[in-house]
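# Architecture at a glance
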Amino acid sequence: MPQRKPVVTVTRTLPDVVETRMMELFEARLNASDVPMTSDEIIAAVEGANVLVPTVTDKIDSGLIDRLPDSVKLIANFGVGVNHIDLEAANARKIAVTNTPGVLTDDTADMTVCLLLAASRRLAEGDRLVRSGKWEGWSPTFMIGHRISGKRLGVIGMGRIGQAVARRVKGFGMTVHYHNRRRLHEDVETKLEATYWENLDQMLAHMDFVSINCPHTKETHHLLNEERLNLLKPHAFVINTARGEIIEEGALARLLAENKIAGAGLDVYEREPEIEPALLGLDNVVLAPHLGSATHEGRVAMGEKVIVNIRSFVDQHNPRDRVYQI
Ligand code: DGY
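The following paragraphs examine the structure supplied in this document. Quick caveat, the model's predicted, so the values are computed rather than measured.

### Thoughts on the pattern of salt bridges
- Scanning all chains against the criterion turns up 17 salt bridges.
- A salt bridge links Glu 193 to Lys 170; the shortest N-O distance between them is 3.2 Å. One end of the pair, Glu 193, is in the loop between helix H8 (186–192) and strand S8 (194–196); the other, Lys 170, is in helix H7 (residues 160–171), with 23 residues separating them in the sequence.
- For Glu 193, a relative accessible area of 55% gives the class exposed.
- The exposure class of Lys 170 is partly exposed, given its relative accessible area of 32%.
- Because the salt bridges share partners, they merge into one network encompassing Asp 106, Asp 110 and Arg 168.

### Examining the packing of helix H5 (residues 105–120) against H7
- Viewed as axis vectors pointing N to C, H5 and H7 meet at an angle of 50°, and their least axial separation amounts to 8 Å. With respect to H7, the element H5 is oriented oblique. Both H5 and H7 take part in a crossing whose hand is right-handed. Contact residues: Thr 105, Asp 106, Thr 108, Ala 109, Asp 110, Thr 112, Val 113 and Leu 116 in H5; Arg 160, Ile 161, Ala 164, Val 165, Arg 168 and Val 169 in H7.
- Class assignment of the residues belonging to the contact of H5 with H7 gives a composition of 7 nonpolar, 3 polar and 4 charged.

### Here we look at the nonpolar core
- Residues Met 22, Val 53, Leu 116, Leu 153, Met 158, Val 169 and Ile 310 are the most contacted members of the largest nonpolar core, which totals 49 residues.
- If one sorts the elements of this core by residue count, H5 sits on top with 7 residues.
- For this core, the two domains that each supply at least three residues are domain 1 (7–103 + 295–314) and domain 2 (105–287).
- When sequence neighbours within four positions are dropped, the list of residues in contact with Ile 310 reads Val 8, Phe 26, Val 51, Val 53, Leu 74 and Ala 76.
- Counting 30 residues, the second largest nonpolar core, distinct from the first, contains Trp 197, Met 207, Val 210 and Ile 246.

### Observations regarding the site of the ligand
- Taken together, Val 56, Gly 79, Val 80, Gly 81, Leu 104, Arg 243, His 290 and Ser 293 are the residues near the ligand.
- Separating an oxygen atom of the ligand from a backbone N or O atom of Val 80 is a distance of 2.7 Å.
- Separating an oxygen atom of the ligand from a side-chain N or O atom of Arg 243 is a distance of 2.8 Å.
- Protein chains bury 87% of the 230 Å² of accessible surface belonging to the ligand in isolation.
- A breakdown of the residues in the shell around the ligand according to their chemical character gives 3 nonpolar, 4 polar and 1 charged.

### Observations concerning the layout of surface pockets
- The space that makes up the second largest pocket amounts to roughly 190 Å³.
- As for the second largest pocket, its lining consists of Gly 126, Leu 129, Val 130, Trp 135, Trp 138, Ser 139, Pro 140, Phe 142, Met 143 and Ile 144.
- By residue class, the composition of the lining of the second largest pocket is 8 nonpolar, 2 polar and no charged.

### Description of the environment of Arg 128
- Position of Arg 128 among the secondary structure elements: in helix H6 (residues 123–132).
- On the basis of relative accessibility, which here comes to 39%, the residue Arg 128 falls in the partly exposed class.
- Spatially, the C-alpha atom of Arg 128 lies 27 Å from that of Val 165, the residues being 37 residues apart in sequence.
- Not counting residues up to four positions away in its chain, the partners in contact with Arg 128 are Leu 282 and Asp 283.
- Within the local environment of Arg 128, its side chain forms a polar contact with the side chain of Asp 283, the two groups lying 2.8 Å apart.

### Notes on the pairing of strand S9 (residues 209–212)
- Of the two faces of S9, the one holding Phe 209 and Ser 211 and the one holding Val 210 and Ile 212 are both buried throughout.
- The sheet contact formed by strand S6 (residues 152–156) and S9 spans 4 bridges and is parallel. Bridge pairing links Gly 154 to Val 210 in S9.
- Relative to strand S10 (residues 237–240), S9 runs parallel, the two sharing 4 bridges. Each residue of the ladder has a partner; that of Ser 211, found in S10, is Ile 239.

### Observations regarding the pairing of strand S1 (residues 7–10)
- The two faces of S1 match: Val 7 and Thr 9 on one face and Val 8 and Val 10 on the other face are all buried.
- Bridging between S1 and strand S2 (residues 27–29) involves 3 bridges; their strand directions are parallel. Residue pairing in the sheet places Val 8 in a bridge with Ala 28 of S2.
- Between the parallel elements S1 and S2, the chain passes through helix H1 (residues 16–25) in a crossover that is right-handed.

### Some details on H7
- If you check H7, its first and last C-alpha atoms are 18 Å apart, about what 12 residues at 1.5 Å a residue would give, namely 16 Å.
- Every buried residue of H7 is listed here: Ile 161, Gly 162, Gln 163, Ala 164, Val 165, Ala 166 and Val 169.
- Phi turns positive one or two residues past the end of H7, at Gly 173, with a value near 80°.

What counts, and at which threshold
Residues numbered from 1 in each chain as written. Predicted model: local features only at pLDDT ≥ 70, side-chain atom pairs only at ≥ 80, totals over all residues. Heavy atoms only, no water. Salt bridge = Lys/Arg side-chain N within 4 Å of Asp/Glu carboxyl O. Helix = DSSP H or I, 4+ residues; strand = E, 2+ residues; numbered from the N terminus. Buried < 20%, exposed > 50% of the residue type's maximum accessible area, 1.4 Å probe, protein only. Axes fitted to C-alpha atoms, helices over the stretch in contact; angles between N-to-C directions. Parallel < 35°, antiparallel > 145°, perpendicular 65-115°, else oblique. Left-handed = near helix turned anticlockwise from the far one by under 90°. Contact = heavy atoms within 4.5 Å. Nonpolar A, V, L, I, M, F, W, Y, C, P; charged D, E, K, R; others polar. Core = buried A, V, L, I, M, F, W, Y, C linked by side-chain atoms within 4.5 Å. Domains from an automatic or database assignment. Near = heavy atom within 4 Å. Polar contact = N/O pair within 3.5 Å; in protein donor to acceptor, adjacent residues only side chain to side chain. Areas by Shrake-Rupley, 256 points an atom, 1.4 Å probe, with all protein chains shown as cover. 1 Å grid on protein atoms, 1.4 Å probe; cavity = no way out; pocket = protein on both sides within 12 Å on 5 of 7 lines; lining within 4 Å. Points joined across faces, edges and corners; volume = space filled by probe spheres on them. Pairing = 2+ DSSP bridges. Right-handed = clockwise from strand over helix to strand, strands pointing away. Expected span 1.5 Å × (residues − 1).

What follows is the structure, given as C-alpha cells:
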C-alpha cells in the first residue's frame, strides 16, 4: 500500500458523515449521482485505486475481478452479505474482502418482526383499502388476520440476526424453533428457549411462521424450493429478510395465489429490483424494498465499519471483518 492517502472508489452514495470522513482519510472517489455503475464504469473508476467499496447492487463477479487493476488490494463491501462478490476469484487475485457484520443485526431483526406482524395482521392490505376510499367501516368479521402469540416460528439460520429475531418474538409470546448448519451452544439454546431441528423438512411441516435469516450461498440457493414450500401448513407464513435467491420466488407466488400458504412478508427478491410479476397482484404478501438495514444509525455504522476495515488493512493489520472463502 502507498504512503500517500489510499485511493478508494465507492460505487454508491453513502451517508453524508461517512463520505466526509472518507474524504478526510482517503483519496475518495465518490458517486454523487448514486446511479448504479456498470462493470465498465466500475473498471474505469478503479483505475489506479487501492480499494473498491461496492454494495449489494454491484455484481463483483469473476469477470469484473479479473479486470481489476493490480493496484486494487481490498474490496471493502458496504453490507454484510457478500453473495454478490466472487470470493474465489478475489482470493485467486490475492484481493482481500471485508464486510460489515454486527451493526445491522437489530435493524434487520426489527424488519423481520415488522413483516411478520404486517403479513399476519394484513397491514399493507388495510393501508391500501383505506387509501382507496373504499373502506366501509368496522365490522366483526372484517379483515381478520392471525394472532402471533402462542404460535411457532421456525428460524432458518440462527446466526446473529436469527438470534436477534428469536429474542424479539419471545416477547410476543411465540415459541422459537430453528434449523442451522450447526446446533447452538446449549447455554444459548436454553436462553432463547429454542428447539433445534436437524431436519429442515421436518421443521417446516410443523411451523406456523418461517423466517429466513441465513446467508445466500451455493448450499442455500433455492433452499425453499417448491417441494419444501409444499411442506408448509396452509396457515403458515414465510418471512424473508435475508436474500431473495434462497426462495424459489415463482413457486412461492403460485402457492400464495392458490392459498396453499397463508401469506408472506418479503424484503428481498431473486432479481432485485425486479419482482416476480405474480407477487404484485397478491394481497397475502407484504412487499418491502430491501429495507432490512435501512436506518440512519445502521447505515452510518456500516460506513464506519468500512472505514475501519480500510484503515486496518492499509496499516497492514488483518481487518476484523475479513471474509474468507468457505
Ligand atoms: C446487507 O448488508 O447484506 C444488506 O442486505 C444490505 O446490503
